[in-house]
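Structural description and commentary
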Amino acid sequence: MAEYKRSTMIADAPSGYCPGCLHSLATRLISDVLEELGQGDNSLNVISVGCSALNILYWNGDFLSVAHGRAPAAATGIKRTNPERLVFAYQGDGDLCAIGLAEIISAANRGENFTVIFANNQTYGMTGGQMAPTTLIGQKSTTTVYGRDPQTTGYPMKMCELIAALEAPAYVARFALNSPKGVREARAGIKKAFQAQLDGRGFTFVELLTNCPTNWHMSPLQTLDYMNMNTIPYFKPGVYKDKTE
Amino acid sequence: MSEKRFMKGNEAIAEAAVRAGCRFFAGYPITPQNEIPEYLSWRLPEVGGAFVQGESEIASVNMVYGAAAMGTRSMTSSSGPGISLKAEGISYLAAAMIPALIVNISRGGPGLGSIQPAQSDYLQATKALGHGGFHAMVFAPNSAQEAADLVYNAWDYAERDRNPVLVLMDGCLGNIMEEVELPPMKKLTDEDLPEWSLTRRNGRDYQGNITPIYTEPILEGINTMAGEMYKLWEEEDVKFETYELDDAEYVVVAYGIASRVAKEAIMELRKEGYKVGMIRPITLFPFPKKIIHDLDYSRVKGIIDIEMTIPAQMRDDIELQVAERCPVYEYGRSGGCLLDDEGVYDAIKEIVTGGAN
């Protein structure tokens, strides 16, 4: 039977994430996989901007904190000069598919041999709940107070589908963290991505559907139901590309 | 053993960087600096380094941010419009205290400007290379040889200060070909990797982290330390050259390509008996304040700021030191129109013969 214990990659400190936020679960999964692969000391976490930046307070491993949207560029510089390191970036939706869209697509297209974990909670959490590129149609935010209208703001951006269309990426997958099954699959997907990187297979991308109880104005449990009803039907979980076999 | 080559200024910068131990370059095409990335695209792999053609100036400077955080000597280059795009990243380098070399081979501005040479980025380089009130040391060579020499030592300053360094050189010097005596290849080992870097090759066994994010009191402390560092630069790192200054009644202040054109004009005017000299700043930041401040103003009748940009941008820095003890004049060309011998000669002569107002 598996032993349930504290992750060594995460600082023994109170979490500043809001109650019910799935960021901490996502971080925990990454930590567990790194430990399992024996890569804790060899890993380097490229920390982006947004709620994800709170990891500068909690991450016990080596990290480089970078500018908004630029994590895939910084990771490129790191990995090209230190190919032996396991390098990953953890980015939110505003960071990755708004301000950093050029950086993520270009790094994926170059087939850079690192991993990007993409936490998609459909909002700008840190700045107070503005519309993100991934905000669902009809979903309310502080800049779409009547709900997102595609006539003026377009449609939620499907990053796995975009990145899977490129030739170079080795592994592209999306998982939802609102169920035990989804959590187990996400863990296996993160492990597959990290292993593919260690095997030198190129760019790997894992999207995690997460929540934001605070800015969705819901209880944590309500967010999990909302994800089942709204998020998952639009952002379909699954493996979009797998060249690792 | 010295090695002499006939090279463009841009190529001299690239080769000197490699010999200084630079092993990472990322950049985006822009005229008139393209010889730097083109040269390094094949040269860096020869010495075990990495070259990346970034998707933008923004991405490129952030690639440098990542590579340099690992302790690798890293650089990017661009021209005015691209340096504007890099401003965010350069500010982050300063905040996270990551040393790197930025090269600006400057052209006409503002906006897209012109692809022809100009010195229109002085204020950007010396006053606000990015947001948040930081400075980088700014070196302004006036020959391919001096560009190579300054680049060769640039990382020593950058690593000493844990701060980005800027080399500002106009497109004219970037593209003219001159004889360059190249310095020897520095052989850096893992032992040379900075203690603060995120590499594990230096035997570090504790957590390493670099962040540009601080709590308010720590950020205030870092701002204060930076202020003290800038003062120290002024005391210890100012570089300039003088020409015919001892008896000069009119003193030209010019840097980069402008200083070369001005020197030709001064030689002619000296032959005609006019007592004209020159101060050539090599560091634009720290600015050579003292040499201008301490001129004998009972002898000096005027200061002439010659720049390849209109209006002159260095003038405020000069006037602060002159402190109204003599008139300050300016002459320049701009927008990619070059300074020429006749124009500069005529401008200086008009001033020294009292024709200028």
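Since the structure is predicted, the reported quantities are computational estimates derived from the model, not experimental observations. (Residues numbered from 1 in each chain as written. Chains lettered and ligands numbered in written order. Predicted model: local features only at pLDDT ≥ 70, side-chain atom pairs only at ≥ 80, totals over all residues.)

**A short note on the overall build of chain A**
Counting secondary structure elements, chain A contains ten helices and nine strands. In terms of principal-axis extent, the alpha carbons of chain A reach across some 50 × 40 × 30 Å. Across the 245 residues that make up chain A, the buried fraction comes to 52%. Considering only contacts in chain A between residues 6 or more positions apart, those separated by 24 or more positions represent 68%. (Helix = DSSP H or I, 4+ residues; strand = E, 2+ residues; numbered from the N terminus. Buried ≥ 20, exposed ≤ 12 C-beta atoms within 10 Å, placed from the backbone. Contact = placed C-beta atoms within 7 Å.)

**Remarks on the overall build of chain B**
Assigned secondary structure in chain B consists of twelve helices and 16 strands. Relative to the 2.2 N^0.38 estimate, which gives 21 Å for 357 residues, the radius of gyration of chain B is 21 Å and therefore close to what a compact globule would have. Every one of the 357 residues in chain B was classed for burial, and the buried ones make up 52%. If you take every contact in chain B between residues at least 6 apart in sequence, the share linking residues at least 24 apart comes to 79%. (Rg over C-alpha atoms; globule rule 2.2 N^0.38 Å.)

**Observations regarding the packing of helix 9 (residues 256-271) of chain B against helix 12 (residues 341-352) of chain B**
All names here are of chain B. Interhelical geometry of helix 9 versus helix 12 gives an angle of 55° and a closest axis separation of 9 Å. As the angle between them shows, helix 9 and helix 12 are arranged oblique. Along this stretch, helix 9 crosses helix 12, giving a crossing that reads as right-handed. When helix 9 is examined against helix 12, the residues Val261, Ala262, Glu264, Ala265, Glu268 and Leu269 are found in contact with a partner set consisting of Asp341, Val344, Tyr345, Ile348 and Lys349. Residues of the contact of helix 9 with helix 12, tallied by class, amount to seven nonpolar, no polar and four charged. (Axes fitted to C-alpha atoms, helices over the stretch in contact; angles between N-to-C directions. Parallel < 35°, antiparallel > 145°, perpendicular 65-115°, else oblique. Left-handed = near helix turned anticlockwise from the far one by under 90°. Nonpolar A, V, L, I, M, F, W, Y, C, P; charged D, E, K, R; others polar.)

**Here's the deal with the environment of Ala128(B)**
Note that Ala128(B) resides in the loop between helix 5 (122-127) and strand 7 (137-139). Taking the C-alpha atoms as reference points, Ala128(B) and Ala87(B), separated by 41 residues in sequence, lie 8.7 Å from one another.

**Details of the domain arrangement of chain B**
All names here are of chain B. By domain assignment, chain B separates into domain 1 (3-236) and domain 2 (240-352). Computed over C-alpha atoms, the centres of domain 1 and domain 2 are 28 Å apart. The interface is formed by 25 residues belonging to domain 1 together with 23 residues belonging to domain 2. Those elements that provide at least two residues to the side of domain 1 that touches domain 2 are strand 5 (101-108), strand 6 (114-117), helix 5, strand 7, strand 8 (165-170), helix 7 (171-175) and helix 8 (216-236). (Domains from an automatic or database assignment.)

**A short note on the sheet that holds strand 9 (residues 238-242) of chain A**
Strand pairing in a sheet relies on backbone hydrogen bonds. The paired strands run either parallel or antiparallel. Ordered in space as 9(A)-7(A)-8(A)-4(A)-3(A)-1(A)-2(A)-10(B), the eight strands form an open sheet in which the pairing is mixed. Among the strands making up the open sheet, the edge pair consists of strand 9 of chain A together with strand 10 (209-210) of chain B. Bridge count for strand 4 (residues 115-120) of chain A against strand 8 (residues 204-209) of chain A is six bridges, and the pairing is parallel. Residue pairing for strand 8 of chain A: Ala119(A) is matched across the bridge by Leu208(A). In the packing of helix 3 (residues 71-81) of chain A onto the sheet, the strands contacted are strand 1 (43-47), strand 2 (62-65), strand 3 (86-92) and strand 4 of chain A, and the crossing angle to strand 3 of chain A comes to about 175°. (Pairing = 2+ DSSP bridges.)

**Observations concerning the interface of chain B and chain A**
Taken together, the contacts link 31 residues of chain B with 24 residues of chain A. Elements that contribute at least two residues to the side of chain B that touches chain A include exactly strand 2 (24-27), strand 3 (50-53), helix 3 (57-69), helix 4 (80-96) and strand 10 of chain B. Ranked by the residues each element gives to the side of chain B that touches chain A, the list is headed by helix 3 of chain B, at eight residues. Its residues placed into classes, the side of chain B that touches chain A shows 16 nonpolar, twelve polar and three charged. Note: strand 2 of chain A against strand 10 of chain B, two bridges, orientation parallel. Note that in strand 10 of chain B the partner of Phe63(A) across the bridge is Asn209(B).

**Focus on the pairing of strand 3 of chain B**
Residue and element names in this part refer to chain B. Burial of the side chains of strand 3 is restricted to one face: Ala50 and Val52 are buried, whereas none of Phe51 and Gln53 on the reverse face is. Both strand 2 and strand 3 contribute to a ladder of four bridges, which runs parallel. Bridge pairing in strand 3 links Gly27 to Gln53. Regarding topology, helix 2 (residues 35-46) serves as the crossover connection from strand 2 to the parallel strand 3, and that connection is right-handed. (Right-handed = clockwise from strand over helix to strand, strands pointing away.)

**Section: the sheet that holds strand 16 (residues 328-332) of chain B**
All names here are of chain B. Ordered by their spatial adjacency, five strands build an open sheet running 11-13-12-15-16, and the pairing between neighbours is mixed. Each end of this open sheet is capped by a strand with a single partner; those strands are strand 11 (240-243) and strand 16. Each neighbouring strand pair of the sheet contributes to a mean axis angle of 20°, computed without reference to strand direction. Of the pairings in the sheet, the one linking strand 12 (residues 250-253) to strand 13 (residues 276-281) comprises four bridges and is parallel in character. By the bridge assignment for strand 13, Val253 is matched with Ile279. Here helix 9 sits on the sheet and contacts strand 11, strand 12, strand 13 and strand 15 (302-307); the angle it forms with strand 13, its principal contact strand, is near 165°.

**Here's the deal with the nonpolar core**
Counting 173 residues, the largest nonpolar core has Val46(A), Leu101(B), Val151(B) and Val167(B) as its most contacted members. What Val151(B) contacts, discounting residues up to four positions off in sequence, is Ile13(B), Ala16(B), Ala17(B), Ala20(B), Leu101(B) and Val167(B). (Core = buried A, V, L, I, M, F, W, Y, C linked by C-beta atoms within 7 Å.)

**Points about the packing of helix 3 of chain A against helix 3 of chain B**
For the pair helix 3 of chain A and helix 3 of chain B, interaxial distance at closest approach is 6 Å and the crossing angle is 45°. Relative to helix 3 of chain B, helix 3 of chain A is oriented oblique. Between helix 3 of chain A and helix 3 of chain B lies a crossing whose hand is right-handed. From helix 3 of chain A, Ala73(A), Ala74(A), Ala75(A), Thr76(A), Gly77(A), Ile78(A), Arg80(A) and Thr81(A) reach across to helix 3 of chain B, where they touch Ala59(B), Asn62(B), Met63(B), Val64(B), Tyr65(B), Gly66(B) and Ala67(B).

**Description of helix 3 of chain A**
For helix 3 of chain A, a buried count of eleven out of eleven residues is recorded, marking the element as mostly surrounded by other parts of the structure. If you check which residues of helix 3 of chain A are buried, you get Ala71(A), Pro72(A), Ala73(A), Ala74(A), Ala75(A), Thr76(A), Gly77(A), Ile78(A), Lys79(A), Arg80(A) and Thr81(A).

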